[in-house]
Amino acid sequence: MSKKNRLIKNLPLFARPREKLLEKGKENLKDEELLAILLRTGIKGESALETAKKLLKKYPKEILFGLDPKELKKVKGVGLAKAITLVAAYELVKRMIASSSKTTPKIETIKDIIAQIAEIRDKKQEHLMVLYLNARKELIKKEVIFIGTLNSNICHPREVFKLAFLNNATYFILSHNHPSGTPSPSDIDLLITKKMKEAGELMDVEILDHVIISRDDYFSFKENNLL
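Residues numbered from 1 in each chain as written. Predicted model: local features only at pLDDT ≥ 70, side-chain atom pairs only at ≥ 80, totals over all residues. Heavy atoms only, no water.

1. Let's talk about helix α9 (residues 187-203)
Taking 1.5 Å of rise per residue, 17 residues should cover 24 Å, and α9 covers 24 Å from first to last C-alpha, within 8% of that figure. Structurally, α9 contributes buried residues whose contacts are with α8 (157-166), β3 (171-177) and β4 (206-213). Looking one or two residues beyond α9, the residue adopting positive phi is Asp204, at roughly 60 degrees. (Helix = DSSP H or I, 4+ residues; strand = E, 2+ residues; numbered from the N terminus. Expected span 1.5 Å × (residues − 1). Contact = heavy atoms within 4.5 Å.)

2. Some remarks on the side chain of Ser47
Within the secondary structure layout, Ser47 lies in the loop between α2 (31-39) and α3 (48-58). Using a relative accessible area of 4% as the deciding quantity, one classes Ser47 as buried. Within the structure, the side chain of Ser47 is placed 3.1 Å from the backbone nitrogen of Glu50, a separation counted as a polar contact. (Buried < 20%, exposed > 50% of the residue type's maximum accessible area, 1.4 Å probe, protein only. Polar contact = N/O pair within 3.5 Å; in protein donor to acceptor, adjacent residues only side chain to side chain.)

3. A look at a nonpolar patch on the surface
On the surface, Val93, Met96 and Ile97 cluster together to form a nonpolar patch covering roughly 290 Å² of accessible area. Position of Met96 among the secondary structure elements: in helix α6 (residues 79-101). (Patch = residues over 30% accessible without salt bridge, like charges linked within 9 Å, V, L, I, M, F, W, Y side chains within 5 Å. Areas by Shrake-Rupley, 256 points an atom, 1.4 Å probe, with all protein chains shown as cover. Salt bridge = Lys/Arg side-chain N within 4 Å of Asp/Glu carboxyl O.)

4. A few points about the pattern of salt bridges
A side chain of one charge can pair with a side chain of the opposite charge when the charged atoms of the two come close. Counted under the stated rule, the structure contains nine salt bridges. Between Glu46 and Lys54 there is a salt bridge, with its nearest N and O atoms 2.5 Å apart. Judged by relative accessible area, Glu46 falls into the buried class, the value being 8%.

5. Re the packing of helix α1 (residues 17-24) against α2
Between α1 and α2, the shortest axis-to-axis distance is 9 Å and the interhelical angle comes to 120 degrees. Classified by chirality, the crossing of α2 by α1 is left-handed. When α1 is examined against α2, the residues Pro17, Arg18, Lys20 and Leu21 are found in contact with a partner set consisting of Glu33, Leu34, Ala36 and Ile37. In the contact of α1 with α2, the residues fall into five nonpolar, no polar and three charged. (Axes fitted to C-alpha atoms, helices over the stretch in contact; angles between N-to-C directions. Left-handed = near helix turned anticlockwise from the far one by under 90°. Nonpolar A, V, L, I, M, F, W, Y, C, P; charged D, E, K, R; others polar.)

6. Structural notes on the pairing of β3
Counting buried positions along β3 gives seven out of seven residues, so the element sits mostly inside the fold. Covered by surrounding structure in β3 are Tyr171, Ile173, Ser175 and Asn177 together with Phe172, Leu174 and His176, the residues of both alternating faces. For β3 and β4, the ladder comprises seven bridges, and the chain directions are parallel. Across the sheet, residue His176 finds its bridge partner in β4, namely Ile212. The handedness of the β3 to β4 crossover, carried by α9, is right-handed. (Pairing = 2+ DSSP bridges. Right-handed = clockwise from strand over helix to strand, strands pointing away.)

Structure representation (C-alpha cells):
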C-alpha cells in the first residue's frame, strides 16, 4: 500500500477510528485506534493510526503516558501539541481513578450500618466489629476487635479507642452478632455499651449506636433510646 493510501481519510468509514468508535463503541477499539483519535494526525506520508501503532510498539502504554511533556514531544510523530493532549488525557484518568478510590460510604441510617456489618450476621461465634467515622460521618475504617463470648473484662474500651485515635475518628459505632438468633441485648451488652459511652465522653470520640445483628433481625441501642 502506498503512503498516500495509508492515510485515514483513504480508509473505508468502518475502519476509521472515530467512525468506528461511534458505530461500535469505545470498548471495541484497539489501543492504537484510541491513541490515533488523541493524536488526530500522523506525520508526513503516515496516518495517525500508523503513527499510533509504531508508538505503542516502541513504548508500552505505561511508559508512553508516563513521559514528561518535554520528553514526549521529542518522540517522532508526537510533537508539543500532541504531547500536551496525551499528558492531559492521562492526568484526567488518574484523577478520576484517585477520586473513585477515595470515595467512602457515609453512615447516616441504620440501613447504612447494617450494610457494613452484614458480614458478621451468620458467624457462629460472637464478633465485635467497630465502625470508625470521621467528622462528616464517613466510614474511615471498620475492624473486628474481638471474637468470642463478650464480657466486660475482655471487651475493654482501650482496644476500641486505640484504633479511634490511630485513625483520627470522631465517631464510632459498636456492633456484634448474636449466633443464638435473637438480637435482644444481654446485661453484658448493656454494661459494655455504658462503659464505651462513658469512655467516649472522656476521650471526645462519640458513640453513635450499638447494633446487635442476628441472621434475620437487629437491635439498635439508639432506636431503643438506650444511648
